[in-house]
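# Structural characterization, general
Next come the chains, spelled out residue by residue.
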Amino acid sequence: MRFRATSPPVRSLLLAAAVTLVACSRPEPPTLKPEVAAVTAVTAQGIDLRVQIQAYNPNGIDLSTRSVKANVLLDGKYDVGTVTVPAPLKLSAKQWTPLQVPLSVKWQDLASIAALTAQGRGVPYQVNGTVAVGGETLNVDLPFRLAGTITHDQLVAAVGKSLPGLGLPGLR
């Protein structure tokens, strides 16, 4: 018995095979659109930020985030430290989802922070990190980068509380 590709049973089998292949294909990683890393506090212990990112899931299935890992760099050269925080969030299929994560990074070298404060200016910072997305079918770390400036007043207040009597310009 010979089957033709146009016969109904053969077409049904080919269609079922195509649907199975598409259904079993590996999901694509989401796209991240970093929006802002806002300083929420600068204290004697460290710096607190709120990272805001939009994540787009291009797949036909929901995915989820697991955590955010971030490193904070001040003035392009002072490594404040790295922190990993849980960030469980459902990324709905074919949708943009806002991701807002609070980060709290402890000072590693307070002397460098005091030296930056003595310069009498705001200090630029960078947040370089990854969002871990994963589940049963996909595990990937998606990179992001954000930047901003810590005001001189924020630095003065933090250093003044941790190193009173240091005699830095502008220190109250």
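None of the values given here were measured: they were computed from a predicted structure.

## With respect to the overall build of the chain
When its secondary structure is counted, the chain shows three helices and seven strands. Going through the 172 residues of the chain one by one, you find that 39% of them count as buried. Look at the contacts in the chain between residues 6 or more apart in sequence, and 65% of them connect residues 24 or more apart. Surface exposure of the chain reaches about 9800 Å², of which carbon and sulfur atoms provide 57%.

## Notes on the side chain of Gln54
Considering the arrangement of structural elements, one finds Gln54 in strand β2 (residues 46-57). Excluding residues within four positions of it along the chain, Gln54 makes contact with Thr31, Leu32, Lys33, Glu35, Trp96, Thr97 and Pro98.

## Topic: unusual backbone geometry
The backbone of Asp75 shows a phi angle near 55 degrees, a positive value even though the residue is not glycine. Along the polypeptide, Asp75 turns up in the loop between β3 (63-74) and β4 (78-91). The class of Asp75 is buried, set by a relative accessible area of 18%. Despite not being glycine, Lys94 shows a phi value in the positive range, around 60 degrees. With respect to the element layout, Lys94 can be found in the loop between β4 and β5 (95-106).

## Observations concerning the packing of aromatic side chains
Applying the stated criterion to the full structure yields one aromatic pair. With centroids separated by 5.2 Å and ring planes inclined at 45 degrees, the aromatic side chains of Tyr56 and Trp96 adopt a geometry described as tilted. Remark: Trp96 occurs in strand β5 and Tyr56 occurs in strand β2; sequence separation between them is 40 residues. The aromatic ring of Trp96 is capped on one face by Lys33, whose charged end is 5.2 Å from the ring centroid.

## A few points about the pattern of salt bridges
Side chains bearing opposite charge may pair, as long as their charged atoms lie close to each other. Scanning the model with the defined rule gives two salt bridges in all. Ionic pairing is found between Lys90 and Asp62, a salt bridge with its closest N-O pair at 3.6 Å. Of this pair, Lys90 sits in strand β4 while Asp62 is found in the loop between β2 and β3, placing the two residues 28 residues apart along the sequence. Linking Asp75 and Arg121 is a salt bridge whose minimum nitrogen-to-oxygen distance equals 2.7 Å. With Asp75 in the loop between β3 and β4 and Arg121 in the loop between α2 (110-118) and β6 (123-134), this residue pair connects regions lying 46 residues apart in the sequence. Overall, Arg121 belongs to the partly exposed group, its relative accessible area being 29%.

## Thoughts on the sheet that holds β2
Read from one edge to the other, the open sheet built from three strands follows the order β1-β2-β5, with strand pairing classed as antiparallel. Looking at the sheet topology across the chains shown, the edges are occupied by β1 (31-42) and β5. Neighbour-to-neighbour, the strand axes of this sheet turn through a mean angle of 20 degrees, independent of strand direction. Relative to β2, β1 runs antiparallel, the two being bridged by ten bridges.

Rules behind the numbers
- For every chain, the first residue of the written sequence is number 1, and numbering continues from 1 along that sequence.
- The predicted nature of this model means local features are confined to residues of pLDDT at least 70 and side-chain atom pairs, given and counted, to a pLDDT of 80 or more, with totals for whole chains, interfaces and linings taken over all residues.
- Values reported for side chains reflect all heavy atoms of the structure, with hydrogen atoms and water molecules removed beforehand.
- Numbering of helices and strands runs from the N terminus; a helix is a DSSP stretch of H or I covering at least four residues, while a strand is a stretch of E covering at least two.
- Note on exposure labels: buried denotes an accessible area under 20% of the residue type's maximum, exposed denotes more than 50%, and partly exposed covers the range between, all computed with a 1.4 Å probe on protein chains only.
- When checking whether two residues touch, look at their non-hydrogen atoms; a contact exists if any pair is within 4.5 Å.
- All accessible-area figures derive from a Shrake-Rupley calculation using a 1.4 Å probe, and residue coverage is judged against the displayed protein chains alone.
- Pairing of aromatic rings covers Phe, Tyr and Trp, the last counted by its six-membered ring, and requires centre-to-centre distances within 6.5 Å; plane angles under 30 degrees mean stacked, over 60 mean edge-to-face, and any other angle means tilted.
- By definition here, charges over rings are those cases where NZ of Lys or CZ of Arg is within 6 Å of the ring centre and within 35 degrees of the ring normal.
- Any Lys or Arg side-chain nitrogen found within 4 Å of a carboxyl oxygen on Asp or Glu counts as a salt bridge.
- Think of it this way: DSSP has to see at least two bridges between two strands before they count as a pair.
- Between the N-to-C directions of two axes lies an angle of 0 to 180 degrees, each axis being a line fitted to C-alpha atoms and, for a helix, fitted only over the stretch in contact.

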